Amino acid sequence: MRVLAVAGVFLPLSAAQSAVFTHIEGSADHATLESALNKVTAVKDALADANGPFTMVAPTDAAFTAALPELGIAAADAATLLDRADLGEILKYQVLSTTEKVNPLTAGDITTVQGMTATVTVSSDATPVTKVVGSNAAGVTISSSADVGTSGNEEHAVHVCTDRILLPKPVYQVASEATDLFSTLVAALDTAGLADVKTGLGLQNGGALHTVFAPTNDAFTAYLTARGIDSDALLADGELANIVKYHILAGKVMAADVTTGEQATLYGDAGKLSLVKDGSTVTVDGVTVGSEVLAGNGVIHQIPSVLMPNVVEVAKGSSDFSRLVEAVVAADLATTLTGAGPFTVFAPTNAAFDAYLTKVSKTMDELKADKDALAALLKYHVVPSEVMLADATTSTPASVEGSTLDLVKTGDDLTVNGVAVPAATANMQAGNGVVHVIGTVLEIPAGSTPTKNVVQTAADTADEFTHLVAALTKANLTATLEATDKKFTVFAPTDAAFVAAAAALGEDDVAGLLERADLAQILLYHVLGSETKAAAVTGSLSSMQGAPIEVTTSGEKTMVDGAEITQADIMATNGVVHVVSSVMLPPSLADVLGADADFSTLVEALEAAELTSTFAWANKGGAMHTVFAPTDAAFQALIDGDDSIADKEALLALDGLADILKYHVVPGKVMAADLTDTEVDTLHSTAKLTVTDAGSAPKINGNAVATADILAGNGVVHKIGAVLSVPAEASTDTEASGAAAYGLAVVLAGIVGRMF
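Residues numbered from 1 in each chain as written. Predicted model: local features only at pLDDT ≥ 70, side-chain atom pairs only at ≥ 80, totals over all residues. Heavy atoms only, no water.

Asks: Quick question: what am I supposed to make of the overall build of the protein chain here?
Replies: Assigned secondary structure in the protein chain consists of 30 helices and 38 strands. Taken along the three principal axes of its C-alpha coordinates, the protein chain extends 115 × 80 × 45 Å. Partitioning the contacts of the protein chain with sequence separation of at least 6, the portion at a separation of at least 24 is 65%. For the protein chain, the accessible area works out to roughly 32,400 Å², and carbon and sulfur atoms hold 52% of it. Side chains of the protein chain give 38 positive and 89 negative charges; the mean places of these two sets differ by 6 Å. (Helix = DSSP H or I, 4+ residues; strand = E, 2+ residues; numbered from the N terminus. Contact = heavy atoms within 4.5 Å. Areas by Shrake-Rupley, 256 points an atom, 1.4 Å probe, with all protein chains shown as cover. Lys, Arg positive; Asp, Glu negative; His and termini not counted. Charge placed at Lys NZ, Arg CZ, Asp CG, Glu CD.)

The structure is reproduced here in structure tokens:
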């Protein structure tokens, strides 16, 4: 880039060719404006003639001096004006965004290069007085105007003001003027606890820029309703300052400039917002961001919800919980307690931890060294629901650790295990629960800490789970569920449930049930790969078998896939056991096929061939199968390709139909990844399938698998787009239908060969 030395300052040539800057530079009254433009070169460069024309308000040195009190700058510190982070915003606000020069100025709103509007007023006096109004309602008075340009082409206009600088409205002023949207937020900013934040969002803030994710009035109304308090209680809440600070970022971040990630807020490094950019959509902590409103020292993003720091962030926000936070991190519980919740945390202070360490004769490092014991101790301070002080009752809720807490409510006073919960430091609201400060570390009652894993816990339950334990051993699942580095939830059927299940599954007794090939799949359907207490057993749960477990309620009963939880939250070292009234069964092959509209003809064919029971649960021995399942379209193509098969009814009436269907079924459960290029046996007595391209896109007899690995409890389904033809040389399964089946096989071979 070519440069030109001007008054000892090297300027880009584009700036040197700015008639507006040259005019300001040549004025004895505009030394401060010249210095400011030299400080913010991006604005100065933007004033190049090639970018014009421009209409600019040009404050004199006297105007800058007069504005110092408005900006909170002492006269002795005037030079700090040029160090303000918002100086560029102020300078851009002096430039009116027009397609041609405007001289004289006419009354009305006009957009500035900064993006906000300014208002021009022209008095009706004999000598009209022109003012431009920004943040100060008095506006700046235009004392003189001039057309400026180069080489006789005066394409720009400069309007001089001497009384003050034209300043854009700061964030606080913008919000306070939008009473229909942000009056509750502004009322919060007006409270004593947020005086510093209010100043930071105003003009007298040293020039700092901020981004505010601003909950609307409706958002605050919903928040108040959820908490059961009114606006007066909110404004008196000691946690209000932290709540508001959690919505504010340092710096100006427009929606277009958002990047996905965490951003620290004025709440502190502990309180970080999670921002996600997906195309043009921005979310903050999962809440979709609405309209953005510019301000002179930042931007306001409208949001429909009040955002809240999680319970860990609330704890991190207070220096009195540094011991607690240190322990939570050491015990690897931070992720758990930053989850959806809700949680109630009885939070011991640093003094409480110090007293506890003295009592147990340990240092903090020694306490942290036993991670499992520390995790259990901390979980004992957490209830998996939100209990506000006013809503607490005398009760014995189960803690996340599993042992119960003893809550006693006397009037407005609450104790937990005999320890006072002071009202003054209770109800520290978080986005995923509430924190109550306590002055003592709560100790887990002797004997209440689990010492056995889920299998041992079941084995030690007197005469209730002998069949379950035997089944786990038979299915080689004991070692899996005894793992110490994982957590499990086991829905444990009683011995009576196993007896009932044996009969329902077509077995003579429980011994027969334990010999079933599908036993492991049935058992895994009773296991979750995480610790899920009864309070969280809701909706749809993902079983380790793969099929979801649907949870319903009936009055006070909780049902998992129709089985009632009769006893909940039996804690183990590696999870939790819930007793259920019956053995649960994942969807069978018959269920899976029947639930897919693509397989309606196949389902009818199985019924016609009397093969449905082969794929249902009431199947003695529990044989597993792999079904290469033709779609309805595949069957229709077969019908359309053979004039001798008039319609679907004729197909279903074919003598050799069972042989054709059996040819699509392989014994055992074979996932797509386990297929190899080879011939495989089928349920047909002699015919084999040929698998090719197993390592990439497997084909069966040359037909691609369209959808693989549709899981069932007693096998797996692979969807294919063709009806497979039994080789003509293969023998049939029944002598009676031999000729017909052979004839059909020949016909199919010819039809499928022509079609595919």
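Asks: Help me out: how do you make sense of the packing of aromatic side chains in this one?
Replies: The way to describe two aromatic rings as a pair is by their centre distance and the angle between their planes. Tallied over the full model, the rule gives one aromatic pair. Look at Tyr246 and Tyr267: their rings are 6.2 Å apart centre to centre, the planes differ by 85 degrees, and that puts the pair in the edge-to-face class. Here Tyr246 is found in the loop between α12 (240–245) and β11 (248–250), whereas its partner Tyr267 is found in the loop between β12 (261–265) and β13 (268–278), with 21 residues between them in sequence. Lying over the aromatic face of Phe21, Lys44 brings its terminal NZ or CZ to 5.1 Å of the ring centre. Over the ring of Phe599 we find Lys719; its NZ or CZ atom is 5.2 Å from the centre of that ring. (Phe/Tyr/Trp six-rings, centres within 6.5 Å; stacked < 30°, edge-to-face > 60°. Lys NZ or Arg CZ within 6 Å of the ring centre and 35° of its normal.)

Asks: So what exactly am I meant to see when it comes to the nonpolar core here?
Replies: A general feature of soluble globular proteins is that nonpolar side chains tend to end up buried together. Counting residues in each nonpolar core, the largest one holds 45 residues, and the members touching the most others are Phe213, Val284 and Leu378. Ignoring any residue separated from it by four or fewer positions in sequence, one finds Val284 in contact with Phe213, Leu273, Ser274, Leu275, Val289, Ile303 and Leu307. Among the nonpolar cores identified, the runner-up in size contains 43 residues, and Ala175, Phe182, Ala188 and Val306 belong to it. (Core = buried A, V, L, I, M, F, W, Y, C linked by side-chain atoms within 4.5 Å. Buried < 20%, exposed > 50% of the residue type's maximum accessible area, 1.4 Å probe, protein only.)

Asks: Quick question: what am I supposed to make of the side chain of Asn350 here?
Replies: Looking at where Asn350 falls in the secondary structure, it is placed in helix α16 (residues 350–360). Not counting residues up to four positions away in its chain, the partners in contact with Asn350 are Ser319, Asp320, Phe321, Ser322, Arg323 and Leu324.

Asks: What should I look at first to understand the sheet that holds strand β16 (residues 292–295) in this one?
Replies: Where strands meet in a sheet, backbone hydrogen bonds hold them as pairs that are either parallel or antiparallel. Strands sit in the order β11-β10-β17-β16 across an open sheet of four strands; the sheet is mixed. Two strands lie at the open edges of the sheet, namely β11 and β16, each paired on one side alone. Adjacent strand axes in the sheet meet at a mean angle of 15 degrees when their direction is disregarded. Bridge analysis of strand β10 (residues 210–215) against β11 gives three bridges, and the strand direction is antiparallel. Within β11, the position partnered with Thr211 by the bridge is Leu249. Contacts from helix α8 (residues 179–189) reach β10 and β17 (298–303) within the one sheet, and its direction differs from that of β10 by about 105 degrees. (Pairing = 2+ DSSP bridges. Axes fitted to C-alpha atoms, helices over the stretch in contact; angles between N-to-C directions.)

Asks: Please clarify how the pattern of salt bridges should be interpreted in this entry.
Replies: Should their charged atoms come close, side chains of opposite charge can pair. In total, this model carries 23 salt bridges according to the counting rule given. The partner of Lys101 in a salt bridge is Asp147, and the shortest N-O contact between them spans 3.3 Å. Highlighted residues: Lys101 in the loop between β4 (95–96) and β5 (108–111) and Asp147 in strand β8 (residues 140–150), separated in sequence by 46 residues. Judged by its relative accessible area of 30%, Lys101 is partly exposed. Between Asp485 and Lys486 there is a salt bridge whose closest N-O contact spans 3.7 Å. For Asp485, a relative accessible area of 62% corresponds to the exposed category. Note on Lys486: relative accessible area 45%, which makes it partly exposed. Connected through shared salt-bridge partners, Glu89, Lys92 and Lys252 make up one network. (Salt bridge = Lys/Arg side-chain N within 4 Å of Asp/Glu carboxyl O.)

Asks: Any chance you could explain empty space enclosed by the protein here in plain terms?
Replies: A probe as big as a water molecule, rolled over the atoms, marks out the empty space that is left. Applying the stated criterion across every chain, the model contains nine cavities of 30 Å³ or more. Quantified by volume, the largest cavity comes out at close to 140 Å³. Around the largest cavity, the lining is made up of 13 residues, and of these Ala315, Leu324, Val328, Leu337 and Val345 lie nearest the centre. Elements supplying a minimum of two residues to the lining of the largest cavity: α13 (311–316), α14 (322–330) and β18 (343–348). A breakdown of the residues in the lining of the largest cavity according to their chemical character gives twelve nonpolar, one polar and no charged. (1 Å grid on protein atoms, 1.4 Å probe; cavity = no way out; pocket = protein on both sides within 12 Å on 5 of 7 lines; lining within 4 Å. Points joined across faces, edges and corners; volume = space filled by probe spheres on them. Nonpolar A, V, L, I, M, F, W, Y, C, P; charged D, E, K, R; others polar.)

Asks: Honestly, the sheet that holds strand β23 (residues 428–430) in this entry has me stumped. Any pointers?
Replies: Strand order in the open sheet formed by four strands is β19-β18-β24-β23, and the pairing between neighbours is mixed. Each having just a single partner strand, β19 (382–383) and β23 make up the two edges of the open sheet. The pairing of β18 with strand β24 (residues 433–438) spans six bridges and is classified as parallel. By the bridge assignment for β24, Phe346 is matched with His436.

Asks: Looking at this structure, I do not really get unusual backbone geometry. What am I missing?
Replies: When glycine is set aside, most residues are seen to have a negative phi, and most peptide bonds are trans. Between Gly52 and Pro53 the backbone carries a cis peptide bond, its omega angle lying at 5 degrees. Structurally, Pro53 is set in the loop between α4 (41–46) and β3 (55–59). In this chain, Asn103 is followed by Pro104 through a cis amide linkage whose omega measures 10 degrees. Secondary-structure assignment places Pro104 in the loop between β4 and β5. One non-glycine residue, Asp285, adopts positive backbone phi at about 50 degrees.

Asks: What is the right way to look at helix α22 (residues 495–504) in this model?
Replies: For α22, the full list of buried residues reads Asp495, Ala497, Phe498, Ala501 and Ala502. Along α22, the residues classed as buried sweep out an arc of 150 degrees about the axis, all on the same side. Of the exposed residues in α22, those oriented more than 90 degrees away from the buried face are Ala496, Ala503 and Ala504. Where α22 is buried, its residues contact α20 (466–474), β25 (488–493), α23 (510–514) and α24 (519–524). Downstream of α22 by a residue or two, Gly506 has a phi angle that is positive, lying close to 80 degrees. (Arc of directions from axis to C-beta.)

Asks: When you look at the environment of Ser543 in this model, what are you seeing that I'm missing?
Replies: Mapped onto the elements, Ser543 comes out in the loop between β27 (540–542) and β28 (548–554). If we skip the residues at most four places from it in the chain, Ser543 touches Leu524, Tyr525, Val527, Leu528 and Ile549.

Asks: Is there a simple way to explain the pairing of β10 in this structure?
Replies: For a regular strand, the rule is simple: side chains alternate between the two faces of the sheet. Along β10, six of the six residues are buried, which leaves the element largely enclosed by surrounding structure. Of the two faces of β10, the one lined by His210, Val212 and Ala214 and the one lined by Thr211, Phe213 and Pro215 are each fully buried. Pairing between β10 and β17: six bridges, direction parallel. Each residue of the ladder has a partner; that of His210, found in β17, is Gly298.

Asks: Is there a simple way to explain the layout of surface pockets in this structure?
Replies: By volume, the largest pocket amounts to about 1,400 Å³. As for the largest pocket, its lining consists of 48 residues, and the residues nearest its centre are Leu333, Ala375, Lys379, Lys487 and Glu531. When contributions to the lining of the largest pocket are tallied by element, the ones reaching two or more residues are α15 (334–337), α16, α18 (371–379) and β30 (563–572). Broken down by element, the lining of the largest pocket gets its largest block of residues, nine residues, from α18. A class-by-class count of the residues in the lining of the largest pocket yields 25 nonpolar, nine polar and 14 charged. In this structure, the second largest pocket encloses a volume near 250 Å³.

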